[in-house]
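Structural overview for review
Spelled out, the chains give:
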Amino acid sequence: DLGAGASRAGRHLLWYPAPAPSYGCDCSTSVLEVGDEHGLSGGQRAKLPLGTIHATDRFDADFGGVQFDLAIAQSVFSHLSLNNARLCLHRVAKVMKPGGRCFVTFFEAPEGTPIDKMLVKPRCFHERTPYWYTRSDIRWVARDEPWTMRYIRDWEPPAGQRVGEYPRLTRAASHRQRAPPPT
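This structure is a prediction, so every number in the text was calculated from the model and none was measured.

Analysis parameters
- Residues numbered from 1 in each chain as written.
- Predicted model: local features only at pLDDT ≥ 70, side-chain atom pairs only at ≥ 80, totals over all residues.
- Heavy atoms only, no water.
- Salt bridge = Lys/Arg side-chain N within 4 Å of Asp/Glu carboxyl O.
- Helix = DSSP H or I, 4+ residues; strand = E, 2+ residues; numbered from the N terminus.
- Buried < 20%, exposed > 50% of the residue type's maximum accessible area, 1.4 Å probe, protein only.
- Core = buried A, V, L, I, M, F, W, Y, C linked by side-chain atoms within 4.5 Å.
- Contact = heavy atoms within 4.5 Å.
- Pairing = 2+ DSSP bridges.
- Right-handed = clockwise from strand over helix to strand, strands pointing away.

1. A closer look at the pattern of salt bridges
This model, assessed by the stated rule, comprises four salt bridges. Note that E108 is salt-bridged to R135, the shortest N-O span being 2.7 Å. Taken as a pair, E108 in strand 4 (residues 96–108) and R135 in helix 5 (residues 135–140) lie far apart in primary sequence, 27 residues in all. Judged by relative accessible area, which is 27%, E108 ranks as partly exposed.

2. Quick notes on the environment of G3
Along the polypeptide, G3 turns up in the segment before helix 1 (10–13). For G3, a relative accessible area of 30% corresponds to the partly exposed category. Between the C-alpha atoms of G3 and F77, which are 74 residues apart in sequence, the distance is 9.4 Å.

3. Regarding the side chain of S78
Among the structural elements, S78 can be located in the loop between strand 3 (68–73) and helix 4 (82–93). Residue S78 is classed as buried on the basis of its relative accessible area, which comes to 1%.

4. Considering the nonpolar core
The biggest cluster of nonpolar side chains holds 33 residues, and the ones touching the most others in it are L2, F77, L89, C102, W147 and Y166. Listing elements by their share of this core, those giving two or more residues are strand 3, helix 4 and strand 4. When residues in this core are grouped by element, the largest group, seven residues, is from helix 4. Leaving out residues up to four positions away in the same chain, L2 has contacts with C25, A71, I72, A73, Q74, V76, C88, V92 and C102. Formed by five residues, the second largest nonpolar core is a distinct cluster that contains F107, A109, L119 and C124.

5. Focus: the pairing of strand 7 (residues 162–167)
The sheet contact formed by strand 4 and strand 7 spans six bridges and is antiparallel. Across the sheet, C102 pairs through a bridge with Y166, a residue of strand 7.

6. Notes on the pairing of strand 3
As paired strands, strand 3 and strand 4 are joined by five bridges and run parallel to one another. Note that in strand 4 the partner of A71 across the bridge is C102. Taken together, strand 3, helix 4 and strand 4 constitute a β-α-β crossover, and its handedness is right-handed.

Here's what the structure looks like:
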């Protein structure tokens, strides 16, 4: 759970049966503490043992060599600059199994929207939080990384955000994706 915060999304995922504990990170220690104290039931807290959640402002998702097959960043990219979104995917790629998937939510602006235009509903900006992005922006953050991006139309996240799915490519597929075009 990237941007685990007060466990708004993560607490729902903890009820799914899994052979291993869930993991999460957030940029705020105090918000993680509030989530642990008020956002989780005792049963949910048992699925998040000590060491499976930590604070990091650089998306350090390394939990001692654990490799993941699923990650979610709900209401995270809407608060990140494009370069921080790139950093997030770069760091997550290091701990994601090939074929694993990372889901992100974002506020979408129509392609061609002027960079200095504010989107009135929701009140989003290109240059400050909450950020909005075009689909091509969301594809760009995966550039030069072992991801591809798929836009998901049939999932309705909160606050009118849209969902992008980033399947983690294998090393060979990733290399082919970055190969320069033939001359």
